[in-house]
Amino acid sequence: MIIPPRPQDRLDTLLHAVARRRRLAVLALWFERAWPAIWPALAVAGLWACIALLDLPRQLPGWAHATLLAGFALALLAAMARAVRLLAVPDDAAADRRLEQASGLAHRPLAVLTDRPAQAGGEALWRAHVQRAMDQLDRLRVGRPRPEMARHDPRALRLGLVVALVACLGIAGEQAPGRLLRSFLPVFGAAALPPPTQLQAWITPPAYTGMAPVFLRPEVPAVSVPQDSRLVVNLTGGSGPPTLMLDGHPVAFAPLDAASFQAEATLAAGGRLVVSRQGEEIGAWDLAVVANLPPEVRFPEPPGGQRGRIPQTRIPWQASHAYGVVALHAELTLRDRPEAPPLEVTIQLPGGSSKSAKGVRLQDLTAHPWAGTMVEARLVGRDATGLEGTSDTIGFELPERRFEHPVARALMAVRKGLTLRPAERGPALFELDRIAGLEEVWKDDPGGFLNLGAIITQLRRDHEPAAVEEAQGRMWQLALHLEEGAPERTARALEQARQAVREMLEAERQGEQIDKAELERRMRELQEALQRHLEALADQARRDPTNPAFNPERNKLDAQDMKRLAEQMREAAREDKMDQARDRMAELERMLEEMRAARPERGKPTERQKARAEKRQRGERQMNAVQDMIRHEGSLLDHAQQRGGPPEPQRGFMLPRGPRPQSPEDQQRDATQRARDQKIQQALRRALGELMQQQGDLTGKIPPPLAEADAAMRDGVQALRDGRDPAAATAARRAIEALQKGGRDMSQEMAAQFGRGGEEDGEEEGDESGEGSMSADGEQDGQGNGPGSQQMGPGNQRGERRGERGYGRGRSVDRRADERRDPLGRQLRDGTSGTDESGDVQVPDQMEEARTRAIQEELRRRGADRGRPQQELEYIDRLLRQF
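Bear in mind that the values here come from a model prediction, so they are computed numbers and not experimental data. (Residues numbered from 1 in each chain as written. Predicted model: local features only at pLDDT ≥ 70, side-chain atom pairs only at ≥ 80, totals over all residues. Heavy atoms only, no water.)

## Digging into the overall build of the protein chain
Thinking step 1. A tally of helices and strands in the protein chain yields 25 helices and 19 strands.
Thinking step 2. A total of 883 residues make up the protein chain; the buried ones form 43% of that total.
Thinking step 3. For the protein chain, the accessible surface area stands at approximately 48,100 Å², while carbon and sulfur atoms represent 53% of it. (Helix = DSSP H or I, 4+ residues; strand = E, 2+ residues; numbered from the N terminus. Buried < 20%, exposed > 50% of the residue type's maximum accessible area, 1.4 Å probe, protein only. Areas by Shrake-Rupley, 256 points an atom, 1.4 Å probe, with all protein chains shown as cover.)

## As for the packing of aromatic side chains
Any aromatic ring pair is given by two values, namely how distant the centres are and how the planes are angled relative to each other.
Thinking step 1. Within the structure shown, the criterion is met by 6 aromatic pairs.
Thinking step 2. For the pair W48 and F72, a centre-to-centre distance of 5.1 Å together with 55 degrees between the ring planes defines the contact as tilted. In this pair, W48 is assigned in helix 1 (residues 7–53) and F72 in helix 2 (residues 62–86), connecting sequence segments 24 residues apart. Here W48 matches F72 in class, with each residue buried.
Thinking step 3. For the ring pair W442 and F449, a centre distance of 6.3 Å and an interplane angle of 55 degrees mean the geometry is tilted.
Thinking step 4. For F449, a relative accessible area of 38% corresponds to the partly exposed category.
Thinking step 5. Taken together, the ring pairs connect W48, F72 and F184 into an aromatic cluster. (Phe/Tyr/Trp six-rings, centres within 6.5 Å; stacked < 30°, edge-to-face > 60°.)

## Observations concerning the packing of helix 9 (residues 406–420) against helix 13 (residues 465–483)
Thinking step 1. With their axes 9 Å apart at the nearest point, helix 9 and helix 13 run at an angle of 165 degrees to one another. The pairing of helix 9 with helix 13 is recorded here as roughly antiparallel in orientation. Crossing handedness for the pair helix 9 and helix 13: left-handed. Along the contact surface, helix 9 presents V407, A408, L411, M412, V414, R415, L418 and T419, while helix 13 presents V468, Q472, M475, W476, L478, A479, L482 and E483.
Thinking step 2. Its residues assigned to classes, the contact of helix 9 with helix 13 shows 12 nonpolar, 2 polar and 2 charged. (Axes fitted to C-alpha atoms, helices over the stretch in contact; angles between N-to-C directions. Parallel < 35°, antiparallel > 145°, perpendicular 65-115°, else oblique. Left-handed = near helix turned anticlockwise from the far one by under 90°. Contact = heavy atoms within 4.5 Å. Nonpolar A, V, L, I, M, F, W, Y, C, P; charged D, E, K, R; others polar.)

## Quick notes on the pattern of salt bridges
Thinking step 1. Using the criterion set out here, one finds 34 salt bridges in the structure.
Thinking step 2. Between E506 and R502 there is a salt bridge; the shortest N-O distance is 3.0 Å. Pair noted here: E506 and R502 are both in helix 14 (residues 486–509), with a separation of 4 residues, about one helical turn.
Thinking step 3. For R502, a relative accessible area of 16% gives the class buried.
Thinking step 4. Each of E495, R498, R502, E506 and E589 takes part in a single network of salt bridges with overlapping partners. (Salt bridge = Lys/Arg side-chain N within 4 Å of Asp/Glu carboxyl O.)

## With respect to the packing of helix 12 (residues 446–461) against helix 13
Thinking step 1. The interhelical angle for the contact between helix 12 and helix 13, taken along N-to-C directions, is 165 degrees, at an axis separation of 10 Å. Taken together, the axes of helix 12 and helix 13 lie roughly antiparallel to each other. Remark: the crossing between helix 12 and helix 13 carries left-handed chirality. Together, G448, N451, L452, A454, I455, Q458 and L459 of helix 12 and A467, V468, E470, A471, R474, M475, L478 and H481 of helix 13 make up the contact between the two elements.

## Examining a nonpolar patch on the surface
Thinking step 1. There is a patch of nonpolar side chains on the surface, built from L54, L56 and I171 and spanning about 260 Å² of accessible area.
Thinking step 2. Mapped onto the secondary structure, L54 falls in the loop between helix 1 and helix 2.
Thinking step 3. Residue class for L54 comes out partly exposed when judged on its relative accessible area of 35%. (Patch = residues over 30% accessible without salt bridge, like charges linked within 9 Å, V, L, I, M, F, W, Y side chains within 5 Å.)

## Some details on unusual backbone geometry
It is generally the case that most residues other than glycine have a negative phi and that most peptide bonds are trans.
Thinking step 1. The backbone of D55 shows a phi angle near 60 degrees, a positive value even though the residue is not glycine.
Thinking step 2. As for its placement among the helices and strands, D55 is situated in the loop between helix 1 and helix 2.
Thinking step 3. For D247, which is not a glycine, the phi torsion comes out positive at approximately 55 degrees.
Thinking step 4. Judged by its relative accessible area of 41%, D247 is partly exposed.

## What to know about helix 2
Thinking step 1. Between the first and last C-alpha of helix 2 there are 36 Å, a value that for 25 residues agrees with the 36 Å anticipated at 1.5 Å per step.
Thinking step 2. Among the residues of helix 2, G62, A64, H65, L69, F72, A79 and A83 are the ones counted as buried. (Expected span 1.5 Å × (residues − 1).)

## Here we look at the sheet that holds strand 4 (residues 229–236)
Think of a sheet as strands paired side by side through backbone hydrogen bonds, with each pair either parallel or antiparallel.
Thinking step 1. Spatial strand order, 2-1-4-8-7: 5 strands in an open sheet with antiparallel pairing. Bordering the open sheet on either side are strand 2 (214–215) and strand 7 (254–257), each of which pairs with just one other strand.
Thinking step 2. In terms of strand pairing, strand 4 meets strand 8 (residues 260–267) through 8 bridges, oriented antiparallel. Considered in strand 8, the bridge of L231 is made with A265. (Pairing = 2+ DSSP bridges.)

## Here we look at the sheet that holds strand 9 (residues 271–277)
Thinking step 1. The strand order across the open sheet formed by 5 strands is 3-10-9-5-6, and the pairing between neighbours is mixed. Only two strands of the sheet have a single neighbouring strand rather than two, namely strand 3 (222–226) and strand 6 (249–251). Adjacent strand axes in the sheet meet at a mean angle of 30 degrees, parallel and antiparallel pairs treated alike.
Thinking step 2. In this structure, strand 5 (residues 242–246) lies alongside strand 6, joined through 3 bridges in antiparallel fashion. When the sheet's bridge partners are listed, M245 is paired in strand 6 with P250.

## Structural notes on the environment of F184
Thinking step 1. Relative to the helices and strands, F184 resides in the loop between helix 8 (176–183) and strand 1 (198–204).
Thinking step 2. A C-alpha to C-alpha distance of 8.7 Å links F184 and A52, two positions 132 residues apart in sequence.
Thinking step 3. Contact partners of F184, with chain neighbours within four places excluded, come to W48 and L69.

## Points about the confidence of the model for the protein chain
Thinking step 1. On average, residues of the protein chain carry a pLDDT of 76, and 72% of them reach 70 or more.
Thinking step 2. Overall, residues 645–659 carries pLDDT values under 50, and its contacts beyond four positions in sequence, including any with other chains, amount to 36 contacts. (pLDDT = per-residue confidence, 0-100.)

## Observations regarding the layout of surface pockets
Thinking step 1. One number sums up the size of the second largest pocket: a volume of about 1,200 Å³.
Thinking step 2. For the lining of the second largest pocket, the secondary structure elements donating two or more residues are strand 13 (312–325), strand 15 (343–347), strand 16 (354–363), helix 14, helix 15 (516–543) and helix 17 (578–598).
Thinking step 3. The element best represented in the lining of the second largest pocket is helix 14, accounting for 10 residues.
Thinking step 4. Broken down by class, the residue content of the lining of the second largest pocket amounts to 11 nonpolar, 8 polar and 16 charged. (1 Å grid on protein atoms, 1.4 Å probe; cavity = no way out; pocket = protein on both sides within 12 Å on 5 of 7 lines; lining within 4 Å. Points joined across faces, edges and corners; volume = space filled by probe spheres on them.)

## Side note on the pairing of strand 14 (residues 327–334)
Thinking step 1. Summarising burial for strand 14: 7 of the 8 residues are buried, a large majority.
Thinking step 2. Pairing of strand 14 with strand 17 (residues 374–382) involves 8 bridges; the strand directions are antiparallel. Note that in strand 17 the partner of A327 across the bridge is R382.
Thinking step 3. Relative to strand 15, strand 14 runs antiparallel, the two sharing 5 bridges. Paired with A330 across the two strands is V345, which belongs to strand 15.

This is the structure we're talking about:
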């Protein structure tokens, strides 16, 4: 059995616990009183510590230091006296009140433990009162001390003082103990020594030298610097103003503060540099100033002409300078007229400013009036300061173009005479009048005759010197017109525009800053020159179909590719993608070079060549007609499949089509389309018959596949008449395959009989006779499409996709259908199982690349139409990922 504790025992235990908590409450009350009391003294001590850690007392005279120290000491004593007055020890009654307040006890239960009843009697009631008080004492708490510093320091200056003290400790670092000690020890008597003298001097070379500043050190007594360098001398510490002597001339110091001075000077000449103070030398150097000399330029070999289709002036050059040459040009003067303004030929330097460089400048000066005359040439180089250096003068004859046309040669002779003797116009007018009387020259050239008349009129009526130069320029254009025609002039302009763009792209690649607006202007001029050149070539081909320098039928795709490359180059330059712009420029130049190399030499063709050329053109028109038939058959195949025919076997890819519900309106529309397709199929068959007859007349043979195509077309007409769309689709496929085979046979036969555009004719055409005239979007480019073309409307892209390689570029057409090849497409050797390593497997050419781009663009266009079925959109996305 558990015996409960007696009331007296419990009371004793509570009294011991209350005594222990009372002591803690006394400490808490003392802290709450002590912290506000000692805070002012701590603030004074902390402020003095900050001043001492910053070593400010050492900067004061001894009496000021002592006064400051005494003031802080008095303030500290006053604060401590105040703290002593406020630091009274709390009594037990105050401790009990804190315990009761912190514990939330009412009616002062701690006093009940020591109280006694005032009168006898009522012991039971008193014991109950004591018991209730004892029960409350189980919750007795001391609580946290609350000094209430916010009431004594409402601006929280104590926190700022703590932050300042930490910062000052960081500034003082390891010197903190010494500084604190020195702050209590004022120094009386002699004044503090000034800080030691520190001298810093450096020379900054001019910006054009690209050199780093040169610091003057005592261990290097002699320094060599470029002319116009900037000298800066800084002197700190010590006492008294310093002096600076430069080559015996004083240079004034400017005070920065009480103990710092600075002097600056531009070094135009060398001499002795001395820095001193109060007669004592602080630093001295011997300065050697290197004068800026003009650039050294010379001809490593004599200038002259370089032979070629268009002779060019060849100017070899070499330039050097200690700090770089920023500009270089060749200056040409007329030997027989030294008073004439010189002709300047700018020379592009590698890397913008080169210290040493050499090269050769090629410039076409055949259009200049001085061409064919003796000139004196010298090189002129310039550095960043504007100093110019010149080379020795060398004379040579400026190259001129040799004209074959007699009238062009006569015009050039007149032009040269006016160059040497511009004031003597009589002989020139006499010769021009004689040329104007040559009726056989001008009877078929009214434009040239009018130009010649304008030249004569200008020389007779306009007596200004500038009229001679203008007339000479018009003579040059008239000579080119007589000698070359429009294609040669546009080719020259195209070459000049291409060279201008190339120079800016190369300058950017070498790190030079270029004007983007100027680059955009030159690229636009290049596009315009390219367009004019292509138009001139096409116009020449139309005027002289027997000897075309440019076949608009075969080269339509090349022209489109060149225009596309020029536009892509401009777009890349606008987006600051210069590497991509240079790549497009290189590709465009390659195509232009190929087109130039493929053009025939100027001259009249023979009758045999004309006959062969006419037959080749007839063959090309027939190939175009076959290609047009394939495209229209592809359109008929599309229509048949859309009306419910079986899907076509995939040759590349085909977008899936789902079943289409047939409403009465759909059935009526299908019937109308079927009737129209039947008429088109009949027209195609008639056109094929005429084509077979013309092919027989041309080559003496009719390819058997064309007869198979005729039979397939006949079956297609019958199927469309009966409303059997699956049979019509099958017939269209048979017709396409037969036309493809027939086209290959036609190409091979024409190549064997008439050559490939360059064989035996002295011509060099880039493509063979079997090349089609399809553009990348599947439209017909030629004007005559062979027999039956008048019944054919516009096709779609499927015809081109079905055309296979035989109807892209001519190189692929020449493959024989019956050649035996290995899985890689290489021709097998006769009688062996090996392969022919010589190989005629063709890589994809420009036509196939264009076809791929067209397909890709069409896929993207369809993929952007989000209204299409989800299945079709997902299939398009999978196809586009392959690109």
